[in-house]
Amino acid sequence: EAGVAQSPRYKIIEKRQSVAFWCNPISGHATLYWYQQILGQGPKLLIQFQNNGVVDDSQLPKDRFSAERLKGVDSTLKIQPAKLEDSAVYLCASSLARGLGNTEAFFGQGTRLTVV
Amino acid sequence: AQSVTQLDSHVSVSEGTPVLLRCNYSSSYSPSLFWYVQHPNKGLQLLLKYTSAATLVKGINGFEAEFKKSETSFHLTKPSAHMSDAAEYFCVVSDLGRYSSASKIIFGSGTRLSIRP
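Just so you know, these numbers come straight off a predicted model, no measurement behind them. (Residues numbered from 1 in each chain as written. Chains lettered and ligands numbered in written order. Predicted model: local features only at pLDDT ≥ 70, side-chain atom pairs only at ≥ 80, totals over all residues. Heavy atoms only, no water.)

Draft legend 1. Inspection of the overall build of chain B at higher detail. From N to C terminus, chain B includes zero helices and twelve strands. Tracing chain B from N to C terminus, the helices and strands come up as β-β-β-β-β-β-β-β-β-β-β-β. What you see for chain B is a C-alpha radius of gyration of 14 Å, in line with the 13 Å of a compact globule of 117 residues. Based on the C-alpha atoms only, the size of chain B along its principal axes is roughly 45 × 30 × 20 Å. Of all 117 residues assigned to chain B, the portion counted as buried reaches 47%. (Helix = DSSP H or I, 4+ residues; strand = E, 2+ residues; numbered from the N terminus. Rg over C-alpha atoms; globule rule 2.2 N^0.38 Å. Buried < 20%, exposed > 50% of the residue type's maximum accessible area, 1.4 Å probe, protein only.)

Here you go:
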């Protein structure tokens, strides 16, 4: 079974530039998550999709971050404009959860963003 | 609302001695609980999970954890530490939360495990 795919693996940009990350979840997984992991901290949930609808974006800095999941499969996360404090690893995860409650989330390798 | 508290940010043990990483959780519903490990510059790997079956859960690489509802704890243990166990460990809670159509997954802040030769 193919895992969660993310690209790019690494990205270096200057502050105020824009950047986009892509995620392809495991086939058939209805729920998709984007997490931000700052060095030395645990992953923080940015946004959660159920199919192509947003179920939680309470911690997404909406003035600069946006995400979409068209057709309920792939997802993109965008930052515009980037700030130095956005330097982090951005993790994508997916799970089967379809109203059945609690299932395991599978994580991609992440995209390491460095803003200089 | 769910929350996870990992009580130690850093644990250091000698090789061959027991490991204990502590985790307490808060959940409004019946949670599932997980432990993930993250080696430097590597992705997150699932160690074990509790999903309302047996309260003592065995995972990979000799790790196990016990779900104690009365103490709201899910501590991770291993009888004998190995050098390769050095990594960051995350306790994770998942439940339906406010949105009944999908689980919400919350991470603890992590515990860095160091192994002394």
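Draft legend 2. Spatial organisation of the overall build of chain A. Of the regular secondary structure elements, chain A holds zero helices and eleven strands. By the compact-globule yardstick of 13 Å for 116 residues, chain A fits well, its C-alpha radius of gyration being 14 Å. Structurally, chain A occupies a C-alpha span of about 40 × 25 × 25 Å along its principal axes. In chain A, which comprises 116 residues, the proportion classed as buried is 47%. Taking the 13 positively charged and 10 negatively charged side chains of chain A as two groups, their mean positions are separated by 4 Å. (Lys, Arg positive; Asp, Glu negative; His and termini not counted. Charge placed at Lys NZ, Arg CZ, Asp CG, Glu CD.)

Draft legend 3. Examining the packing of aromatic side chains more closely. Throughout the structure, instances matching the rule amount to 14 aromatic pairs over all chains. Considering the side-chain rings of Phe34 of chain B and Tyr36 of chain B, the 6.3 Å spacing of their centres and the 40° angle between planes classify their relative orientation as tilted. By relative accessible area, Phe34 of chain B is classed as buried at 2%. Of the aromatic side chains, those joined through ring pairs into one cluster are Tyr33, Tyr35 and Phe107 of chain A together with Phe34, Tyr36, Phe90 and Phe107 of chain B. (Phe/Tyr/Trp six-rings, centres within 6.5 Å; stacked < 30°, edge-to-face > 60°.)

Draft legend 4. Broad picture of the pattern of salt bridges. Residues and elements named next belong to chain B. Considering all chains together, one arrives at five salt bridges over all chains under this definition. Between Asp8 and Arg22 there is a salt bridge whose closest N-O contact spans 3.0 Å. One end of the pair, Asp8, is in the loop between strand S1 (3–6) and strand S2 (10–14); the other, Arg22, is in the loop between strand S3 (19–21) and strand S4 (23–26), with 14 residues separating them in the sequence. We note a salt bridge from Asp85 to Lys78, for which the minimum N-O separation is 2.8 Å. (Salt bridge = Lys/Arg side-chain N within 4 Å of Asp/Glu carboxyl O.)

Draft legend 5. Just the nonpolar core, in detail. With 27 residues, the main nonpolar core has Trp35, Leu48, Leu76 and Tyr89 of chain B as its most contacted residues. Here this core takes four residues from strand S10 (residues 87–95) of chain B, the largest share from any one element. (Core = buried A, V, L, I, M, F, W, Y, C linked by side-chain atoms within 4.5 Å.)

Draft legend 6. Molecular detail of the pairing of strand S4 (residues 31–37) of chain A. All names here are of chain A. Of all seven residues in S4, seven are buried; the element is thus mostly enclosed. Residues Thr31, Tyr33, Tyr35 and Gln37 line one face of S4 and the alternating positions Leu32, Trp34 and Gln36 line the opposite face, and both faces are buried. With six bridges connecting them, S4 and strand S5 (residues 44–50) associate as antiparallel partners. In the strand pairing of S5, Leu32 is matched with Phe49. In sequence, S4 turns back onto S5 through a hairpin of six residues, with Gly40 there showing a positive phi of about 85°. Relative to strand S9 (residues 88–95), S4 runs antiparallel, the two being bridged by seven bridges. Counterpart to Tyr33 in the pairing with S9 is Ala93. (Pairing = 2+ DSSP bridges.)

Draft legend 7. Structural view of the pairing of S9 of chain A. Counting buried residues in S9 of chain A gives eight out of eight residues, a clear majority hidden from the surface. Side chains Ala88, Tyr90, Cys92 and Ser94 of chain A project from S9 of chain A onto one buried face, and the interleaved Val89, Leu91, Ala93 and Ser95 of chain A project onto a second face that is buried too.

Draft legend 8. Representation of the state of the cysteines in the model. Residues and elements named next belong to chain B. Taken as a whole and judged by the stated rule, the model has two disulfides over all chains. Residue pairing for Cys23: its cysteine sulfur links by disulfide to Cys91, the two sulfurs lying 2.0 Å apart. An S-S torsion of about -70° defines the bridge between Cys23 and Cys91 as left-handed. Placement of the pair is Cys23 in strand S4 and Cys91 in strand S10, with a sequence separation of 68 residues. (Disulfide = S-S within 2.5 Å.)

Draft legend 9. Structural context of the layout of surface pockets. In this model, the largest pocket occupies a volume close to 650 Å³. Considering the residues around the largest pocket, the lining is formed by 27 residues, among which Gln37, Leu39, Gly40 and Arg112 of chain A together with Gln38 of chain B are closest to the centre. Secondary-structure elements contributing two or more residues to the lining of the largest pocket are S9 and strand S11 (111–115) of chain A together with S10 of chain B. Its residues placed into classes, the lining of the largest pocket shows ten nonpolar, 13 polar and four charged. (1 Å grid on protein atoms, 1.4 Å probe; cavity = no way out; pocket = protein on both sides within 12 Å on 5 of 7 lines; lining within 4 Å. Points joined across faces, edges and corners; volume = space filled by probe spheres on them. Nonpolar A, V, L, I, M, F, W, Y, C, P; charged D, E, K, R; others polar.)

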